[in-house]
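# Topology and contacts: notes
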Amino acid sequence: MKIKEKLLGTAVGVMLAAAPAFAQEVQLFHDKGFWSEQLQSVGDAAAETTGVTITEIPYANAEQYKAFVQASIASGETPDMFTWWTGATFAELVSSGQIAPLDDLWDEMINSGGYGEASKELFVVDGQTYAVPLLLARWVVLYNKPLYAELGLEEPKTWDELMSNADAIVAAGETPFLATVHEGWRGFIWFQELMLRMHPEAYNGLNDGSVAYDGQEVRAVFEAWSDMYAKGYFSDPRSTEEFNDYVRGAGAMYLIGEWAAGLVVQAGVPADDLGVFIMPNAIDDAPAAVIVEGSPLVVSVDGAQDENVMKALRFWVSDEGANAWGDATGNYIGNNSAEAPNAIVAEVNADIAETSATAYLRWWEAVPPDLQGELVAEMNRFMLDPTMKTADDVMATMQTLNAAYWADQ
Amino acid sequence: MDRAAKDKALLDRIGIDQIARNARARRRGQLGLALVFMSPALILVVGVLLVPVLFNIWLSFTKWKKFTGFGEYAGFANYERMPGNPFFNEALINTAIWVGASVVFPIALGLGMAMFFRNLRGAETFKNIIFIPRILAPTAVGVLWFYVYAPDGLLNRGLGLVSGRDVDIGWLYSDATVTPAIIATFVWQTAGLVMVLLLLGLAAIPKDPIEAAHIDGANRWQIFRYITLPLLMPTLLMVTILSVLAGFTVFDLLWVMGANYPGQRSLALAVFMYFEAFQKGSWAFGSAVAVIIGLVVLCVTWVQTVLQGRVDRMTR
Amino acid sequence: MAFDISTLDLDAIERREAAKHKGSTLKLFAAIGFALLWIVPFYFLAISIFKSSNEYSRNPPLALPEGIAPLWDNVTRAWELGSMGQAMMNSAFYGTVGASLAVFFAAMAAFAITRLDIPFRNGWFMLIFAGTVFPFQMYLIPLFFGYQKLGLLNSHMGMLLFYTAICVPFPTLVLRNFMSGLSREMDEAARMDGANEFTVFFRIILPNTIGPMTAVFLLQFTWIWNDMLFSTVLGNRLETRSIMNALLVFQGSYSSIGPNIVLTAALLASLPSIVLFFLLRRHFMQGLQVQQS
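Residues numbered from 1 in each chain as written. Chains lettered and ligands numbered in written order. Predicted model: local features only at pLDDT ≥ 70, side-chain atom pairs only at ≥ 80, totals over all residues.

### What to know about the overall build of chain C
In plain terms, the rule: Here a strand is any run of E in DSSP of at least two residues, a helix any run of H or I of at least four, and the numbering for each starts at the N terminus. With C-beta atoms placed from the backbone, a residue is labelled by how many other C-beta atoms lie within 10 Å of its own: buried for 20 or more, exposed for 12 or fewer, partly exposed between the two. Here, residue contact means that the backbone-derived C-beta atoms of the two residues sit within 7 Å.
Across its full length, chain C carries 15 helices and 0 strands. Counting across all 293 residues of chain C, residues that qualify as buried make up 48%. Contacts in chain C between residues at least 24 apart in sequence constitute 76% of all its contacts with a sequence separation of at least 6.

Written out as structure tokens, the structure reads:
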């Protein structure tokens, strides 16, 4: 009995400890558990500057998190401040009528000179802006500088140069590209990039039903992709430690969001050894383009009425906020009057300014949410067995799902 | 009939009525008391388990609108969607494979081990060793075997040593091997329990008929086939049903070990239901799949009751 | 049956005995081989926790560790990355309190069903036992939405409520069977002495039911400790998640930690149930016996 009472006491203690109730506190719900500590450090910085603490509340898994937010909104309990995704799923969220427009805040942000209209575009639905960036990441190629130097390679400016670099790396006994199916969401990365580089005109059409997943453009992408696998360009897709794999040199080039630069450095790559370039186009005369991932931070209609929530949000987009977040993670939120969080971001900023590259929405956000998981699983399936036989099967399944979805709309 | 007798009969009747009334009154009194004793269990079971089941059945006949909620009656629309869904069909086939495998392998292996270890020196130690995997949580077992099956994991390296060549099979990544591999893990974890339960059943079998058969010149196979097996039938039936239900509703192992397999959603109906509801947000459709799972479980339970009755009559 | 001892072929008997003995030695070796094969994954687990990430990928999986030094690092990293301390506290709370309450409530219900004079005795029992009939998948969606509506999602109370409820029906079955076998003379005697039903329950029935109650408590505690599904759906936050749910984190968010850490976490999460099993083996086996009845 004694032991039981003691346990009960401890348990009650745990529950009390787990019920924070500070007066000036705003809760930020998110699914980015790997940035828990870093988000909290920004939250603490907010407390010092504004007196309002941002308490981050992480969800372990993105899909669980979506389910939680959907159910919350359906039962009228929308969280005050939370993260979401751009694209089709963002429009869906806004259509619930529970998300506050932030156009006034954006006017302030743009007038202050730190933010450009282009970053705002990601969060516009029907003419109104509904979010600020939690993160803005361009999808780029991180590469192994020492290996490039050793083999006498240059950053590729054309597709042919990229391929000849890859051949040189294969000839040296190394693997050119790192790509895995770890965590189940990564399958689209090379698919979207090849699509954009080979058939930019069809890129957006994939996501409104006008381009078929078994059409000639997609087939060309799979043929090129399969061919690259056949030439030994890619690392073992079955790895479960992608960042460590990069550190171990499993692939010389790593196509990923800018945000990975911080994580790779954290895993042990010296920051100076990390280079970056934007993937070149595979067809001549195509305008410069880059894929952008925007992670929105939204507030509910009720939250926008709360002075503390808006204070916290203003801090987030301020230079201090952007610097705190950049210092902690190397993440960029589009605020150019803040310091660039790391050399990689600075270089990508410079590249984009020079080429005035057009931003394309990431496939992951652009695809209808109902199709997202099933289609990406099919792409993973191809990566695990990158033959044209599997590709045919994958394309057929993807188009069946895609056609069924658009027929329903 | 004279008057005295009539009176006596009347009195008797009153007496009997009175006694019955008293009993009923007492029962009512005790019913109130009994409800006090049963109320925590009843409230919990009805409120947290049975009402949700009814709610789930209702949901399966509605249409779900994102961010708005349930409500609109949809008839059998959610059920009609199932046959056309390729992932549902695959999940159904895989679940059937799981059911078949969980009848055959744990039982065959468990029975074999029970017969084998029964009269062995140090049987206790062997029993404990075989039982150990059962103590671990399925989640932990899944994590362990995930690395056993990894491309550079224990199994491939072991096969490499035996064959003298590099073995690089992605056990948990290819359509052909993923289900058998996870079934093997399931058997590893459950066969020990099956064996222990069967040993308990074997220990309860009377020795006399076996000795009698022995003296009559029956060989070991005949004794097993005609005496031990029929007497073990009730235990065997119970263990088989336990195993089928475990195999039919297996989730944790598939969730952990299938995490990197692109077709994870079609590994079994339970996983498919989870994906549809909690990942895709097709709540109403997901609840319809849950109802199908529930119907199958009810059928298995019903079959068990019928067979149990038959076995009881046979062994009586 | 009488028989002439001279008709016995003693040599044949001796030969048969010898063969039997040889057979059993062979059998013993086969059994040892089989058992070794069976515990290879365990051995793999046990040695992996002593290896650093580097050592793990460099050496064969069954090679003995080079030292035991990396163990501490593995444990602390697993502990911190998975917030396992919090998760263990949570699971210990759900397991001890939830299973205790459930077994106690089950004993109360079993007492009413077996010892009190009530109509529809079997009906009441079947109502409670119906809680074991449905597969878990049928609870998930309604509970998720119901909890959301009631504000129980991601709360310790909500988790405790569910775990207690799911653990009531099975102990009710076991304790009902046990109590209906207890002699009625004692409680009749107590009632004669003027004891009310509460006194009978607490003073007479409960003390005599401690054995089976402990056995079902252990089974239910283990069930709660091992649960991953409901914790994922109903309590997926750092503050409320169970130990098995914490284990899942290693498969997702941290793609930069090695198998040695994940395996260490798996062993840590299992440690309490392993220890409990070896300490209370007798009760567990008793539990299995009641599971069978």
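### Quick notes on the overall build of chain B
Let me state the cut-off plainly: Radius of gyration: C-alpha atoms only; globule rule: 2.2 Å multiplied by the number of residues to the exponent 0.38.
Across its full length, chain B carries 12 helices and 2 strands. Relative to the globule expectation of 20 Å for 316 residues, the C-alpha radius of gyration of chain B, 28 Å, shows a markedly less compact shape. Overall size of chain B, expressed as C-alpha extent along the three principal axes, is 110 × 75 × 35 Å. In chain B, which comprises 316 residues, the share counted as buried stands at 41%. Restricting to contacts in chain B with at least 6 residues of sequence separation, those with at least 24 account for 68%.

### Concerning the interface of chain B and chain C
Listed per partner, the contact involves 65 residues of chain B and 68 residues of chain C. With 21 residues, the single largest contributor to the side of chain B that touches chain C is helix α1 (residues 3–59) of chain B.

### Focus on unusual backbone geometry
Residues and elements named next belong to chain A. Phi is positive for Asp285, which is not a glycine, with a value near 70°. Following the sequence through the fold, Asp285 ends up in the loop between β9 (274–277) and β10 (289–299). Of note, the phi angle at Ser356 is positive, near 40°, even though the residue is not glycine. Summarising the element assignment, Ser356 is placed in the loop between α17 (343–355) and β11 (358–361).

### So, the nonpolar core
Put simply, the rule reads: Structurally, a nonpolar core is described as a collection of buried Ala, Val, Leu, Ile, Met, Phe, Trp, Tyr and Cys residues joined by way of C-beta atoms within 7 Å.
Residues Leu142(A), Ala109(C) and Leu247(C) are the most contacted members of the largest nonpolar core, which totals 298 residues. It is helix α4 (residues 84–115) of chain C that provides the largest number of residues to this core, a total of 19 residues. Every residue in contact with Leu247(C), bar those within four places of it in the chain, is listed here: Thr139(B), Ala140(B), Val143(B), Gly82(C), Ala265(C), Ala266(C) and Ala269(C).

### With respect to the pairing of strand β1 (residues 62–65) of chain B
Residues and elements named next belong to chain B. Worth spelling out the cut-off: Any two strands between which DSSP finds at least two bridges are classified as paired.
Across the two faces of β1 the burial differs, with Thr62 and Trp64 buried and Lys63 and Lys65 not buried at all. As defined by bridge partners, β1 adjoins strand β2 (residues 69–73) across 3 bridges and the pair is classed as antiparallel. If you follow Thr62 over to β2, its bridge partner there is Tyr73. What sits between the antiparallel neighbours β1 and β2 is a turn of 3 residues, in which Phe67 has the positive phi angle 65°.

### Digging into the environment of Ile68(C)
Residue and element names in this part refer to chain C. Take Ile68: it is sitting in the loop between α2 (53–58) and α3 (70–81). The exposed category is assigned to Ile68, around which 10 C-beta atoms lie within 10 Å. Ile68 sits 16 residues away from Ser52 along the chain, and the two C-alpha atoms are 9.5 Å apart.

### Some points on the confidence of the model for chain C
Residue and element names in this part refer to chain C. Note the following rule: Within a predicted model, pLDDT stands for the predictor's per-residue confidence, ranging from 0 to 100.
Taken residue by residue, chain C gives an average pLDDT of 86. The fraction at 70 or more is 88%. Mean pLDDT across the secondary structure elements of chain C bottoms out at helix α15 (residues 281–292), with 67, and peaks at helix α7 (residues 156–166), with 97. This prediction of the complex comes with two scores: 0.87 for pTM and 0.88 for ipTM.

### Let's talk about the domain arrangement of chain B
Using the following cut-off: Where each domain starts and ends comes from a domain assignment, either automatic or drawn from a database.
According to the domain assignment, chain B consists of domain 1 (3–59) and domain 2 (80–315). Centre-to-centre, using C-alpha coordinates, domain 1 of chain B lies 44 Å away from domain 2 of chain B.

### Some words on the packing of helix α7 (residues 175–203) of chain B against helix α9 (residues 220–248) of chain B
All names here are of chain B. Basically, it comes down to this: Lines fitted to C-alpha atoms define the axes here, with helix axes fitted over just the stretch in contact, and angles between the N-to-C directions of these axes take values from 0 to 180 degrees. We call two directions roughly parallel when the angle between them is under 35 degrees, roughly antiparallel when it is over 145, roughly perpendicular when it lies between 65 and 115, and oblique otherwise. Should the near helix be turned anticlockwise from the far one by less than a right angle, the crossing is left-handed, and should it be turned clockwise, the crossing is right-handed.
With their axes 9 Å apart at the nearest point, α7 and α9 run at an angle of 160° to one another. When the axes of α7 and α9 are compared, the pair comes out roughly antiparallel. Considering only the axes of α7 and α9, their crossing is right-handed. Note on element contacts: α9 touches α7 through Leu232, Thr235, Val239, Ser243, Ala246 and Gly247, opposite Phe186, Thr190, Val194, Leu197, Leu198, Gly201 and Leu202.

### Some thoughts on the environment of Val133(C)
As for its placement among the helices and strands, Val133(C) is situated in the loop between α5 (121–129) and α6 (137–150). For the pair formed by Val133(C) and Tyr43(C), sequence separation is 90 residues and the distance between their alpha carbons is 38 Å. If we skip the residues at most four places from it in the chain, Val133(C) touches Leu298(B) and Thr301(B).

### Overview of the domain arrangement of chain C
All names here are of chain C. Filter applied, for reference: When residues are sorted by character, Ala, Val, Leu, Ile, Met, Phe, Trp, Tyr, Cys and Pro go into the nonpolar class, Asp, Glu, Lys and Arg into the charged class, and all the rest, Gly among them, into the polar class.
Along its sequence, chain C is carved into domain 1 (5–74) and domain 2 (77–292). With 9 residues of domain 1 at the interface, the matching set in domain 2 holds 9 residues. Elements represented by at least two residues in the side of domain 1 that touches domain 2 include exactly α1 (10–48), α2 and α3. Of the residues that constitute the side of domain 1 that touches domain 2, the class distribution is 3 nonpolar, 4 polar and 2 charged.

### Looking at the environment of Met88(C)
You can see Met88(C) is positioned in helix α4. Spatially, the C-alpha atom of Met88(C) lies 9.1 Å from that of Arg241(C), the residues being 153 residues apart in sequence.

### Let's talk about α17(A)
Residue and element names in this part refer to chain A. Heads up, the condition is: How far a helix is expected to stretch is found by multiplying one less than its residue total by 1.5 Å. What the arc covers is the set of directions going from the helix axis to the C-beta atoms.
Between its first and last C-alpha atoms α17 spans 18 Å; for 13 residues at 1.5 Å apiece the expected length is 18 Å, and the two agree. By the burial criterion, the buried members of α17 are Ile344, Val345 and Val348. End-on, the buried residues of α17 take up no more than an arc of 95°, which puts them together on one face. Residues of α17 that are exposed and point over 90 degrees away from its buried face: Ala350, Ala353 and Glu354. Those residues of α17 that are buried lie in contact with β6 (132–144), α13 (260–266) and β9. Note on α17: the residue one or two positions beyond its end, Ser356, has a positive phi of about 40°.

### A word on the packing of helix α2 (residues 36–50) of chain A against helix α16 (residues 319–329) of chain A
Residue and element names in this part refer to chain A. At a minimum axis distance of 9 Å, the contact between α2 and α16 shows a crossing angle of 150°. Relative to α16, the element α2 is oriented roughly antiparallel. As α2 packs across α16, the resulting crossing turns out to be right-handed. Contacts from Gln38, Ser41, Val42, Ala45, Ala46 and Thr49 in α2 reach Glu320, Gly321, Ala324, Trp325, Ala328 and Thr329 in α16. In terms of residue class, the contact of α2 with α16 is built from 6 nonpolar, 5 polar and 1 charged.

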